[in-house]
Amino acid sequence: LNLLLHVVTRTRKRDVEEHRIKRDVRREAVEMSDAERQLYVTVTEATRQFAWRRGISDGFLLSTPQRQVTSSPAAIAAAWIGGGEGAEELIGDLQDELEDEMEDENPPASLRETLGAILPRIVDVAELRRTDTKFKRLMEVAGAYLKKHPQEKIILFTTFRATARYVAERLNEEGLPALLLWGGQDRAKQEVIDEFRESKSLRVLVSTEVASEGVDLQFCRGGVNYDLPWNPTRIEQRIGRIDRLGQKSKLIHVWNLYFKDTIDERIVSRLLERLKIFEEALGEAAAMV
């Protein structure tokens, strides 16, 4: 009945691949340390109080600071308190959400100023760094994999620059040479990737979302989502950097790290729900979480 039926056909990638690459996808749930939990609770309560006093929806305002904290407590606390690398990006995200929600054309003191006044009295950045449970889990899984396979390389994705710089620094300290990639660098994106591919010593490419599209990293067979976006398509784009034509390995490894009993766990639950809906509507989806 459809005149285009003999011309147009819907074919999924998995239907035309003779030898599909298998994905070993693991969810790595991490228990927060006492110091990390205190930071998370403090930021949550301070944000709620800030919102309530100004008639703002706390649910709307909470997601960004909570996601920033769970990305890397040590990195984000250092950026908020010290105004180091990545702080401007974090502050900008918070202020943008605040101004979008507030009706007052001249809003009072920013959430950044509120947190900046509270956190130095409560947070010990050195302690957060020393008891960094997510980074320890990273070293237990991906780090152990790299030490077992000295010729392998992996790509690590994070949403925030402060986290990217912190993780790269820690990896280098642990003897796993890492290279940073994010938008706005002096060097071209492809130049950084070429250096990473050709280098005999570099083991990890730590990147923000700038490498989640239009980048070929099939010379790697391991990927880490150090934090998770709400959108499952974004995760698939990340994994798609290594699961693509030219990947010689029959098996790739993906580690998804998240904190228990935080917004991280809510994101994982939402992703699973969305993937289920996707599968029911369009058929089997590749494993992403």
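### Description of the overall build of the chain
Link 1 in the chain: On a plain count of helices and strands, the chain comes out with 12 helices and 6 strands.
Link 2 in the chain: Counting only residues that meet the buried cut, the chain has 48% of its 289 residues in that class.
Link 3 in the chain: Summing over all exposed atoms, the chain offers an accessible surface of approximately 14800 Å²; the carbon and sulfur share of this is 48%.

### Details of the pattern of salt bridges
Link 1 in the chain: Tallied over the full model, the rule gives 19 salt bridges.
Link 2 in the chain: Residue R170 pairs with E173 through a salt bridge whose shortest N-O separation is 3.7 Å. You can see R170 and its partner E173 sitting in helix α9 (residues 161-173), 3 residues apart, about one turn around the helix.
Link 3 in the chain: For R170, a relative accessible area of 12% translates into the label buried.

### Some thoughts on helix α2 (residues 34-53)
Link 1 in the chain: Its 20 residues give α2 an end-to-end C-alpha distance of 28 Å, which sits within 8% of 28 Å, the value for a rise of 1.5 Å per residue.
Link 2 in the chain: For α2, every residue scored as buried is listed here: A35, E36, L39, Y40, T42, V43, T44, A46, T47, F50 and A51.
Link 3 in the chain: Note on α2: the residue one or two positions beyond its end, G55, has a positive phi of about 70°.

The rules we used
- Residues numbered from 1 in each chain as written.
- Predicted model: local features only at pLDDT ≥ 70, side-chain atom pairs only at ≥ 80, totals over all residues.
- Heavy atoms only, no water.
- Helix = DSSP H or I, 4+ residues; strand = E, 2+ residues; numbered from the N terminus.
- Buried < 20%, exposed > 50% of the residue type's maximum accessible area, 1.4 Å probe, protein only.
- Areas by Shrake-Rupley, 256 points an atom, 1.4 Å probe, with all protein chains shown as cover.
- Salt bridge = Lys/Arg side-chain N within 4 Å of Asp/Glu carboxyl O.
- Expected span 1.5 Å × (residues − 1).

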